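Inside the fold
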Amino acid sequence: MPSYLFFAILSLIFFAFSTIAFKLTAKYSLPNHLAWFFWYFVIYFILGRFIPLFVFIKNPIPPNIFLLRYNLLYGFFIYLGVFFFSYSLYHLDVSIISSLSNFTNVFILILAYFF
């Protein structure tokens, strides 16, 4: 088995566990889903700061600052996606939202076709 296939299967297993943990913490740790969403992104931001400690970044500053506009566009859409996912996960059962998240690949294919 190629290593990338092993890592893809491993990531699917971790995403399945993270969805269940996401539901348990969203539903039972904080009664307000907006406060939970805030703390989720604070922790997400703090953990993201530790990546340079483990991975050597060859050139941390892009040669052209305007290249960051694609990262800002990605950040905007991922923020909205995680917000709507957490909002729906807070109100739906984990079995429903996990099966609905499989449609992500279908939407990616449709958007990739149009772009």
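Placed above this text is the structure.
Below, the structure is looked at part by part. The residue numbering used here restarts from 1 in each chain and proceeds along that chain's sequence as written. Where totals are concerned, whole chains, interfaces and linings use all residues; where local detail is concerned, this predicted model gives features only for residues with pLDDT of at least 70, and gives and counts side-chain atom pairs only at 80 or more. Neither water nor hydrogens contribute to the side-chain values; these are computed over all heavy atoms in the structure.

So, on to the packing of aromatic side chains. Only rings of Phe, Tyr and Trp enter the pairing, Trp through its six-membered ring, and a pair is recorded when the two centres are within 6.5 Å. The plane angle decides the type: under 30 degrees is stacked, over 60 is edge-to-face, the rest tilted. Throughout the structure, instances matching the rule amount to 6 aromatic pairs. Arranged with centres 5.2 Å apart and planes meeting at 75°, the rings of F38 and W39 form a pair that is edge-to-face.

A word on the nonpolar core. Formed by F22, W36, F37, F41, V82 and L89, the largest nonpolar core amounts to 6 residues. Numbering of helices and strands starts at the N terminus; helices are DSSP runs of H or I of at least 4 residues and strands are runs of E of at least 2. Breaking this core down by element, the ones donating at least two residues are α2 (33-48) and α4 (69-91). Here this core gets 3 residues from one element, more than from any other, and that element is α2. Any two residues having at least one pair of non-hydrogen atoms within 4.5 Å are treated as being in contact. The residues contacting F22, other than those within four sequence positions of it, are W36, Y40, F85, S86 and L89. Here, the term nonpolar core denotes a set of buried Ala, Val, Leu, Ile, Met, Phe, Trp, Tyr and Cys residues that are joined through side-chain atoms within 4.5 Å. Only protein chains enter the calculation, and the probe is 1.4 Å; a residue is then buried if its accessible area is under 20% of its type maximum, exposed if over 50%, and partly exposed in between.

This part is about the packing of α2 against α4. Note on geometry: axes are C-alpha line fits, over the in-contact stretch for helices, and angles between N-to-C directions span 0 to 180 degrees. Here α2 crosses α4 at 135°, and the two axes come no closer than 10 Å. In terms of orientation, α2 lies oblique with respect to α4. Both α2 and α4 take part in a crossing whose hand is right-handed. For the pair α2 and α4, contact is made by H33, L34, W36, F37, Y40 and F41 and by Y79, V82, F83, S86, Y87, Y90 and H91, respectively. Taken together, the residues of the contact of α2 with α4 sort by class into 10 nonpolar, 3 polar and no charged. Relative orientations are named as follows: roughly parallel for angles under 35 degrees, roughly antiparallel for angles over 145 degrees, roughly perpendicular for angles from 65 to 115 degrees, and oblique for any other angle. Handedness of a crossing is defined here by the sense of rotation of the near helix relative to the far one, left-handed for an anticlockwise turn of less than a right angle and right-handed for a clockwise turn. As a working rule, the residues Ala, Val, Leu, Ile, Met, Phe, Trp, Tyr, Cys and Pro are called nonpolar, Asp, Glu, Lys and Arg charged, and the rest polar, with Gly in that last group.

Another aspect to go through is a nonpolar patch on the surface. Nonpolar side chains (Val, Leu, Ile, Met, Phe, Trp, Tyr) within 5 Å and like charges within 9 Å form the patches, drawn only from residues with over 30% relative accessible area and no salt bridge. To measure how exposed things are, a 1.4 Å probe is used in the Shrake-Rupley method; for residues, cover is taken only from the protein chains shown. Put simply, a salt bridge is a Lys or Arg side-chain nitrogen that is within 4 Å of an Asp or Glu carboxyl oxygen. Residues L92, I96, L100, F103, V106, F107, I110, L111, Y113, F114 and F115 make up a contiguous nonpolar surface patch of roughly 1300 Å² in combined accessible area. Looking at the nonpolar patch, the elements that each hand over two or more residues are α5 (94-100) and α6 (104-114). With 6 residues, α6 is the single largest residue contributor to the nonpolar patch. Following the sequence through the fold, Y113 ends up in helix α6.

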